[in-house]
Amino acid sequence: MKALVVCTGNICRSPSAEVVLRKKAVKRGLQDTFSCASAGTHGYHVDSPPDQRSIMVAAERGYDLSVIRSQKVSTNDFFNYDIFLAMDNSHLKALQRLKPINSQSSILLFLEYSQEFARQDVPDPYYGSEAGFSTVLKMIEEGADTFLDQMYPLTKLKMTK
């Protein structure tokens, strides 16, 4: 499965989710069956690194965002990725409008399967305080776990043994 995580500018939420999903997938032994990337609905920051606050908060929790560079979603992505994970409802709607009719990819909210934040938007921390980045990362970690649990239910059993 190839997943693309999408937010607005691809500098806060989606790069964080990309790295969290990737690390959690590796921990579950899914590196050969799951891959992910991230992109933005807008090209405000193309080729830029993630926001420094995202990098800092992620590093405190053991995630390295330093190699990520912002990119914009393209219609070709709908033929290269199996599933799109929208960080909020505005991204969900933008992706639904952009998706070509002949694409077989699925589009879901990132927190679609969340137990704690079910179907909620992951808020954009960009204009807020550092505490907002921490809250967003907590939501992303839980959402990544519940997404992987749903997509790969047997890996959860392997992890608990």
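For the structure, check the block above.
These remarks concern the structure in this document. (Residues numbered from 1 in each chain as written. Predicted model: local features only at pLDDT ≥ 70, side-chain atom pairs only at ≥ 80, totals over all residues. Heavy atoms only, no water.)

## Regarding the sheet that holds strand S1 (residues 2-7)
Within the open sheet, the four strands sit side by side as S2-S1-S3-S4. Their pairing is parallel. Edge strands, defined here as strands with exactly one partner in the open sheet, are strand S2 (35-40) and strand S4 (106-109). Within this sheet the neighbouring strands show an average axis-to-axis angle of 25°, counted without direction. Here four bridges tie strand S3 (residues 83-86) to S4, and the two strands are oriented parallel to one another. Bridge pairing links Leu85 to Leu108 in S4. Helix H1 (residues 13-27) rests against S1, S2 and S3 of the sheet, and its axis sits at about 175° to S2. (Pairing = 2+ DSSP bridges. Helix = DSSP H or I, 4+ residues; strand = E, 2+ residues; numbered from the N terminus. Axes fitted to C-alpha atoms, helices over the stretch in contact; angles between N-to-C directions. Contact = heavy atoms within 4.5 Å.)

## Thoughts on the side chain of Thr41
As for its placement among the helices and strands, Thr41 is situated in the loop between S2 and helix H2 (52-60). A relative accessible area of 17% places Thr41 in the buried class. Dropping the residues within four chain positions of it, Thr41 is found in contact with Val6, Cys7, Thr8, Lys72, His91 and Ala94. (Buried < 20%, exposed > 50% of the residue type's maximum accessible area, 1.4 Å probe, protein only.)

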